[in-house]
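Tertiary structure, described
Chain residues, written in single-letter form:
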Amino acid sequence: PELVSKIYFRKLLKYPLNLKNPQTFNEKIQWLKLYEWPNNPLAIECGDKYTVRQYIQRQGMGQYLNKLLGMWENANDIDFDKLPNRFALKCTHGCAYNIICKDKSKLSISAVRKQLNKWLKEDFGKFNAEPHYSKMKPRIICEEFLDGGETLTDYKFYCFHGKVQFMYIAYGFDGNGLQEQVRFFDVDGNKAPYRRTDYPIYQKAKRPALFDKMKELSESLAQPFPFVRVDWFEVNGRIYFGELTFTPCGGLMKIDPPEYDLKWGQLLHLPRK
């Protein structure tokens, strides 16, 4: 994982990864990815899209969980006749293992089973050099479909030592080809002067009406960790928990202006080892 991480890092971010004395945000995420999260049972529990629900319940926030319709360890065990017309299927041990169904009558069930079982066999942690994912049990969950119109808007809060320092709004990804757009906001909900270069800026983004509540909930969930990103959805005035992410972009986020890579890194104090 160290070698793969160094190759990815140099290739994508154009500077060498310093794991002995990490300074930038991306370097410190890499350090946590390699040395902290694989040995942190709570991070492994909370990075898993199924077992994180237990953590949310323990924190007294079960009301923010989307309804769970089922859990399976093999896609062949899914009885699609018992599922509603619209739903979301997710593999729990990695990233982007999602199938969003808006109309079951148009779904190729055999293709869905094949894809899900393929994902279940993949070691996402090894593929992406994120070892904590390798310690999660591969499973499939099905959640209720959240109807946010054309696509859901995702609110992602970056928490350093239990405090939100900034967040971004992501709009446009629905798994069917829409172009995702991103806009950063500072800790007070004002538009921020930095961006991700791998996505266009979401020009119409504005501070969400439930910003303060999402920030409060994020900081509560983030307390045990030196860093975590807490994701939320808002649908018809109601907040839904999305996920906890410990290695956003795998520690390979392209930030502009680039000096914010260092500024964000200064917010994160690594555990002593």
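In case you missed it, the structure is sitting above this.
Report follows, based on the coordinates.

Thresholds, definitions, all that
Starting afresh in each chain, residues are numbered from 1 along the sequence in its written order. This being a predicted model, a pLDDT of at least 70 is required before a residue's local features are given, and a value of 80 or more before pairs of side-chain atoms are given or counted; all residues contribute to the totals for chains, interfaces and linings. Note: side-chain values were computed over all heavy atoms of the structure, leaving out hydrogens and water. In this text, buried Ala, Val, Leu, Ile, Met, Phe, Trp, Tyr and Cys residues form a nonpolar core when linked through side-chain atoms within 4.5 Å. For every residue, the accessible area obtained with a 1.4 Å probe (protein chains only) is divided by the maximum for its type, and the residue is called buried under 20%, exposed over 50%, and partly exposed between those limits. Strands here mean DSSP runs of E at least two residues long; helices mean DSSP runs of H or I at least four residues long; both are numbered from the N terminus. Pairs were defined over the aromatic rings of Phe, Tyr and Trp, the Trp ring being its six-membered one, requiring ring centres within 6.5 Å. Orientation was assigned from the angle between planes: stacked under 30 degrees, edge-to-face over 60, tilted for the rest. A helix is expected to span 1.5 Å for every residue after the first. It is the directions from the helix axis to the C-beta atoms that the arc portrays. Any two residues having at least one pair of non-hydrogen atoms within 4.5 Å are treated as being in contact. DSSP-based pairing: two strands are paired if at least 2 bridges between them are found. In this analysis an axis means a line fitted to C-alpha atoms, helices contributing only their contacting stretch, and an angle means the value between N-to-C directions, from 0 to 180 degrees. We count Lys and Arg on the positive side and Asp and Glu on the negative side, and we leave His and both chain ends out. Throughout this description, the term salt bridge denotes a Lys or Arg side-chain nitrogen within 4 Å of a carboxyl oxygen of Asp or Glu. Two N or O atoms count as a polar contact when they lie within 3.5 Å, although within protein this holds only if one can serve as hydrogen donor and the other as acceptor, and sequence-adjacent residues are included solely when both atoms are side-chain atoms.

1. Details of the nonpolar core
In this structure, Phe184, Trp232, Phe241, Leu244 and Trp264 are the most contacted members of the largest nonpolar core, which totals 50 residues. In terms of residues, this core owes the most to one element, strand 6 (residues 163-171), which gives six residues.

2. Focus on the packing of aromatic side chains
For any pair of aromatic rings, the description consists of the separation of the ring centres together with the inter-plane angle of the planes. Throughout the structure, instances matching the rule amount to 31 aromatic pairs. Considering the side-chain rings of Tyr64 and Trp232, the 6.2 Å spacing of their centres and the 80 degrees angle between planes classify their relative orientation as edge-to-face. A residue pair is termed long-range when its members are at least 10 positions apart, and Tyr64 in the loop between helix 4 (52-58) and strand 1 (68-72) and Trp232 in strand 9 (residues 227-235) qualify at 168 residues. Seen from their ring centres, Trp232 and Phe241 are 5.7 Å apart, and the 80 degrees between their planes marks the pair as edge-to-face.

3. Details of helix 5 (residues 109-121)
Under the 1.5 Å per step criterion, the end-to-end length of helix 5 is 19 Å for 13 residues, consistent within 8% with the ideal 18 Å. Residues of helix 5 that are buried: Val112, Leu116, Asn117, Trp119 and Leu120. Down the axis of helix 5, the sector holding all buried residues measures 155 degrees, keeping them to one side. For helix 5, exposure combined with an orientation more than 90 degrees from the buried face picks out Ser110, Lys114 and Lys121. Of the surrounding elements, those touching the buried residues of helix 5 are strand 2 (87-91), strand 3 (98-101) and strand 4 (140-144).

4. Some details on the side chain of Ser5
Relative to the helices and strands, Ser5 resides in helix 1 (residues 2-13). Classification of Ser5 as buried rests on a relative accessible area of 1%. Contacts of Ser5, omitting those with residues within four sequence positions, involve Leu17, Gln30, Lys33, Leu34 and Ala129.

5. Examining the sheet that holds strand 9
The five strands are arranged 7-6-5-9-10 in an open sheet whose pairing can be described as antiparallel. Two strands bound the open sheet, and with one partner strand each, they are strand 7 (181-186) and strand 10 (238-245). The mean angle between the axes of side-by-side strands here comes to 25 degrees, regardless of whether they run parallel or antiparallel. Pairing geometry for strand 5 (residues 153-160) and strand 9, over seven bridges, is antiparallel. Paired with Lys156 across the two strands is Asp231, which belongs to strand 9. Each of strand 5, strand 6, strand 7, strand 9 and strand 10 touches helix 7 (residues 211-222); the most contacted strand, strand 9, lies at about 145 degrees to it.

6. Thoughts on the sheet that holds strand 3
With antiparallel pairing, four strands are arranged side by side in an open sheet as 1-4-2-3. The outermost strands of the open sheet, each flanked by one partner alone, are strand 1 and strand 3. Across the sheet, the axes of successive neighbouring strands diverge by a mean angle of 15 degrees, strand direction being ignored. Sheet analysis places strand 1 next to strand 4, joined by four bridges and oriented antiparallel. Note that in strand 4 the partner of Met71 across the bridge is Ile141.

7. A word on the side chain of Glu27
Locating Glu27 in the fold gives a position in helix 2 (residues 25-36). It is Lys28 that comes nearest to the buried, bridge-free Glu27 among opposite-charge side chains, at 8.0 Å. A distance of 3.1 Å separates a polar side-chain atom of Glu27 from the backbone nitrogen of Asn18. Apart from residues no more than four positions distant in its own chain, Glu27 is found in contact with Phe9, Tyr15, Pro16, Leu17, Asn18 and Pro22.

8. Regarding helix 1
Compared with the 16 Å implied by 1.5 Å per residue over 12 residues, the 16 Å span of helix 1 between its first and last C-alpha is a close match. Ser5, Phe9 and Leu13 are the residues of helix 1 that are buried. End-on view of helix 1: buried residues confined to an arc of 30 degrees, all on one side of the axis. Away from the buried face of helix 1 by more than 90 degrees, exposed residues Leu3, Ile7 and Lys11 are located. For helix 1, the secondary structure elements touched by its buried residues are helix 2.

The analysis is restricted to geometry; functional conclusions fall outside its scope.
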